[in-house]
Amino acid sequence: MMFNLGKLIQMQRELDNRIQSTKAMPIQELIEKKSLALLVELGELANETRCFKFWSQKGPSARELILDEFADGLHFILSLGITLGMDEDDTPIMFEKGIETNCTTCFIQMYQSALAFCQETNAEGYSQLLNQYLQLGFLLGFSFEDIEQAYVKKNLVNHDRQRTGY
């Protein structure tokens, strides 16, 4: 299955439009809030993988929970791209298997890339952020199909939350 980034971007655009129609704010504030949300989601994802918890004998959470958290992060990455006008369907996907094999290192690199992108928003930084996140997904054992299905499922949940005043 080919990864359909354009489909996910369109779904995210619809969700963003729905949310922002009732919660208007200046673009810089919106970017800051979405950036912090992404950092929080990265932490939640890392926490579910437990990859850094060397002191604990407990294993990672269930695969479905980790995939759900991964989909949350992807929502905010795509949303940032849309907000900043970097949401073209031709954002290059440079998904290479086996770049990084250590989850802890990969999470640290994700934080670095996310913070760097927040400091200087540009197309190259966005592409790097998106691609590193997809690399992290692969490292966690997810295929493009897994990622797309989880995103679609979570997007429906997010629309339902908007309907019910979450």
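The next point concerns the environment of glutamate 69. Within the secondary structure, glutamate 69 sits in helix 3 (residues 63-83). It is 20 Å that separates the C-alpha atoms of glutamate 69 and glutamate 14, two residues lying 55 residues apart in sequence. Beyond its immediate sequence surroundings of up to four residues, glutamate 69 is in contact with Glu41, Glu44, Leu45, Glu48 and Tyr133.

It is worth spelling out helix 4 (residues 103-119) at this point. Taking 1.5 Å of rise per residue, 17 residues should cover 24 Å, and helix 4 covers 24 Å from first to last C-alpha, within 8% of that figure. Regarding helix 4, the residues found buried are Cys103, Cys106, Phe107, Met110, Ser113, Ala114 and Phe117. Looking down the long axis of helix 4, one finds its buried residues gathered within 125° of arc, a one-sided arrangement. Exposed and facing more than 90 degrees away from the buried side of helix 4 are Gln112 and Gln119. On its buried face, helix 4 is in contact with helix 2 (27-49), helix 3 and helix 5 (123-139). Measuring from the backbone nitrogen of threonine 104 back to the side-chain oxygen at the start of helix 4 gives 2.8 Å, which picks out asparagine 102 as the cap.

Parameters at a glance
- Residues numbered from 1 in each chain as written.
- Predicted model: local features only at pLDDT ≥ 70, side-chain atom pairs only at ≥ 80, totals over all residues.
- Heavy atoms only, no water.
- Helix = DSSP H or I, 4+ residues; strand = E, 2+ residues; numbered from the N terminus.
- Contact = heavy atoms within 4.5 Å.
- Expected span 1.5 Å × (residues − 1).
- Buried < 20%, exposed > 50% of the residue type's maximum accessible area, 1.4 Å probe, protein only.
- Arc of directions from axis to C-beta.
- Polar contact = N/O pair within 3.5 Å; in protein donor to acceptor, adjacent residues only side chain to side chain.

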